[in-house]
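Listed below are the residues making up each chain.
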Amino acid sequence: MNLNHKTILVTGSPGFIGAHLAIRLLHEMDCGTIISFDSMNDYYDPELKEYRLKRIEENAQNASAKHIFIKGNLADKAVLNSVFERYHPQIVVNLAAQAGVRYCIDHPDSYIESNLIGFYNILEACRHYTVEHLVFASSSSVYGGNTKIPFSTDDKTDQPMNLYAATKKSDELLAHAYAKLFNIPSTGLRFFTVYGPAGRPDMFYYSATLKLIKGETIQIYNYGNCKRDFTYIDDIIEGVYRVMKKPPEKKTGEDGLPIPPFKVYNIGGGQPENILDFIDILQKELVRAGVLPKNYDFEAHREFVPMQMGDVAVTYADSLAFEQDFNFRPNIGIQEGLRSYTLWYASYGK
Ligand SMILES: NC(=O)c1ccc[n+]([C@@H]2O[C@H](COP(=O)([O-])OP(=O)(O)OC[C@H]3O[C@@H](n4cnc5c(N)ncnc54)[C@H](O)[C@@H]3O)[C@@H](O)[C@H]2O)c1
């Protein structure tokens, strides 16, 4: 599918992944419209969302596609429906969500509102206004405490370790039901720890940066026995972009009823890194970028602590199906990725 001239709704686009996607689409598309929809909530500093929105708008100035920003909550059905009624998006990329695996312990309502009610409203709108492809963000957290590695989409995902994971798994189930009932081509993407410039301040690499700058101590969970399949933002965006253009095919089964045009993929680097190696590179790059002084005493600012409730020790993506279907494999390593992140941070400074 060619995206030129299309109207594309990207929810959560002043968010981390959404902003990078909107900018990529503005560069790629010939004509068309990108609608950004976001509540600009204060889960983390909304100034960063404003900053990203500004970057999108700057990129839109020289683009052939148009960009429209609408501030609204996915859980507000009337507002969301009015967007579909007015613009009739052909492609919907739902990235808006309440993210984070620890925040859910004290703020469960936010997950139910955004990830369940909000996502249900997206599905209903896709049903009533007919879209060509719904792409939505799921998460590696659906694998819960899976000890079989790498994580395959054939593995069981019915033992979530936290409410975030439970809502993301629910989204996959809801989308499957809507694909079956209403023949809505839908693709769910399980992202694995995405990082990069203008990332999320609640994620480890960014929160560690802020703490080290303030001279505070960073906590290293599970005494450093953690591995994460870090995926650099540009790799994620390349993946999402390819997926958007290739909706699952609509087919009819032997019973004469539609086979749900529904797919779920992992997108991860496929190379889990030990958190201590990741921290070592982060520290070196923070010094190299001039964010921290050369003589910074990192040893004095790290504390090894037990595993946190809701966390998992290892995430490791088997992205073979994704590679085969989209001819792409994430390939940016943490050295290169963290360098881009720290250089960006040095220029942003907050
Ligand atoms: N970043 C990662 O490592 C990662 C990993 C796995 C999955 N994901 C998923 O990818 C998606 C994008 O993540 P991100 O890192 O860009 O997060 P983000 O928090 O930066 O972006 C999400 C955006 O959604 C908006 N939002 C939240 N609830 C909303 C609502 N009810 N209505 C309208 N807007 C709302 C927020 O204001 C925010 O700007 C999310 O669905 C997240 O769960 C991210």
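To be clear, the structure that these remarks concern was listed above.
Please read all numbers here as calculations on a predicted model, not as lab measurements. (Residues numbered from 1 in each chain as written. Predicted model: local features only at pLDDT ≥ 70, side-chain atom pairs only at ≥ 80, totals over all residues.)

(A) Seen up close, the overall build of the chain. A tally of regular secondary structure across the chain gives 10 helices and 15 strands. The C-alpha atoms of the chain give a radius of gyration of 20 Å, which matches the 20 Å a tight globule of 350 residues would have. Referenced to the eigenvectors of the C-alpha coordinate spread, the extents of the chain come out at roughly 65 × 45 × 40 Å. Burial analysis of the chain (350 residues in total) assigns 46% to the buried set. For the chain, the share of sequence-separated contacts (at least 6 apart) that also reach a separation of at least 24 residues comes to 83%. (Helix = DSSP H or I, 4+ residues; strand = E, 2+ residues; numbered from the N terminus. Rg over C-alpha atoms; globule rule 2.2 N^0.38 Å. Buried ≥ 20, exposed ≤ 12 C-beta atoms within 10 Å, placed from the backbone. Contact = placed C-beta atoms within 7 Å.)

(B) Local environment of the site of the ligand. The immediate surroundings of the ligand are formed by 28 residues, with Gly-12, Gly-15, Phe-16, Ala-97 and Ala-137 found nearest. Counting only elements with at least two residues in the shell around the ligand, the list comes to helix H1 (16-28), helix H4 (108-129) and strand S5 (133-139). For the shell around the ligand, the residue count by class is 13 nonpolar, 11 polar and four charged. (Near = placed C-beta within 6 Å. Nonpolar A, V, L, I, M, F, W, Y, C, P; charged D, E, K, R; others polar.)

(C) Representation of the pairing of strand S2 (residues 33-38) in the model. In terms of burial, S2 is a largely internal element, five of the six residues being buried. Here five bridges tie strand S1 (residues 7-11) to S2, and the two strands are oriented parallel to one another. From the neighbouring strand, Thr-7 faces S2, where its bridge partner is Thr-33. Read as a crossover between parallel neighbours, the route from S1 over H1 to S2 is right-handed. The sheet contact formed by S2 and strand S3 (residues 66-71) spans six bridges and is parallel. Paired with Ile-34 across the bridge in S3 is His-67. On the question of chirality, the crossover connecting S2 to the parallel S3 by way of helix H2 (residues 46-61) is right-handed. (Pairing = 2+ DSSP bridges. Right-handed = clockwise from strand over helix to strand, strands pointing away.)

(D) Highlighting the packing of helix H8 (residues 275-288) against helix H10 (residues 334-348). Look at H8 against H10: their axes get within 9 Å of each other, and the N-to-C directions meet at 40 degrees. Compared by their axis directions, H8 and H10 come out oblique. The element H8 and its partner H10 pack so that their crossing is right-handed. Between H8 and H10, the contacting residues are Phe-278, Ile-281, Leu-282, Glu-285, Leu-286 and Arg-288 on the first element and Ile-334, Gln-335, Leu-338, Arg-339 and Thr-342 on the second. Partitioning the contact of H8 with H10 into residue classes produces six nonpolar, two polar and three charged. (Axes fitted to C-alpha atoms, helices over the stretch in contact; angles between N-to-C directions. Parallel < 35°, antiparallel > 145°, perpendicular 65-115°, else oblique. Left-handed = near helix turned anticlockwise from the far one by under 90°.)

(E) Geometry of the environment of Asn-183. Here Asn-183 is to be found in the loop between helix H5 (163-182) and strand S6 (186-191). On the basis of neighbour count, Asn-183 is assigned to the partly exposed category, with 19 C-beta atoms found within 10 Å. Measuring from C-alpha to C-alpha, the distance between Asn-183 and Ile-259 comes to 7.9 Å, with 76 residues separating the pair along the chain.

(F) Looking closely at the nonpolar core. Among the nonpolar cores identified, the biggest contains 85 residues, and Val-10, Ala-22, Val-93 and Val-240 are the most heavily contacted of them. Tallying contributions element by element places H1 first for this core, with eight residues. Not counting residues up to four positions away in its chain, the partners in contact with Val-240 are Leu-21, Val-93, Val-135 and Leu-189. (Core = buried A, V, L, I, M, F, W, Y, C linked by C-beta atoms within 7 Å.)

(G) Structural context of H4. Between the first and last C-alpha of H4 there are 30 Å, a value that for 22 residues agrees with the 32 Å anticipated at 1.5 Å per step. At Gly-118, H4 shows its maximal bend, which comes to roughly 25 degrees. Those residues of H4 not exposed but buried are Ser-110, Tyr-111, Ser-114, Asn-115, Gly-118, Phe-119, Asn-121, Ile-122, Leu-123, Ala-125 and Cys-126. Along its buried surface, H4 packs onto helix H3 (77-87), strand S4 (91-94), S5 and H5. (Expected span 1.5 Å × (residues − 1). Bend = angle between axes of the 7 residues up to and from the residue.)

(H) Layout of the sheet that holds S2. Read from one edge of the open sheet, seven strands run S3-S2-S1-S4-S5-S6-S13, paired in parallel fashion. Edge positions in the sheet fall to S3 and strand S13 (262-267), since each has one partner strand and no second. Within this sheet the neighbouring strands show an average axis-to-axis angle of 15 degrees, counted without direction. Bridge count between S1 and S4: four bridges; the pairing is parallel. In the strand pairing of S4, Thr-11 is matched with Asn-94. Set on the sheet, H5 makes contact with S5, S6 and S13; between it and S5 the angle comes to about 155 degrees.

(I) How the structure looks around H8. End to end, H8 covers 20 Å across 14 residues, agreeing with the expected 20 Å (1.5 Å per residue, within 8%). Buried within H8 are the following residues: Phe-278, Ile-279, Leu-282, Gln-283, Glu-285 and Leu-286. Check the buried side of H8 and you find it contacts helix H6 (204-213), strand S14 (273-274) and H10. Directly beyond the C-terminal end of H8, a positive phi value near 80 degrees is found at Gly-290.

(J) Region of interest: unusual backbone geometry. The omega angle of the peptide bond from Ile-149 to Pro-150 is -5 degrees, so this bond is cis rather than trans. Mapped onto the elements, Pro-150 comes out in the loop between S5 and H5. Its identity is not glycine, yet Ala-198 carries a phi of approximately 55 degrees, on the positive side. The topology assignment puts Ala-198 in the loop between strand S7 (194-195) and H6.

(K) Representation of the packing of H4 against H5 in the model. Relative orientation of the contacting elements H4 and H5 amounts to 15 degrees, with a least axis distance of 10 Å. Comparing the axis directions of H4 and H5 gives the class roughly parallel. Here the hand of the crossing between H4 and H5 comes out right-handed. Contact with H4, carried on its side by Pro-108, Tyr-111, Asn-115, Leu-116, Phe-119, Tyr-120, Leu-123 and Arg-127, involves Leu-163, Tyr-164, Thr-167, Lys-168, Ser-170, Asp-171, Leu-174, Ala-175, Tyr-178 and Phe-182 of H5 and no other residues of that element. Looking at the contact of H4 with H5 residue by residue, the class counts come to 12 nonpolar, three polar and three charged.

Keep in mind these numbers describe shape, not what the thing actually does.
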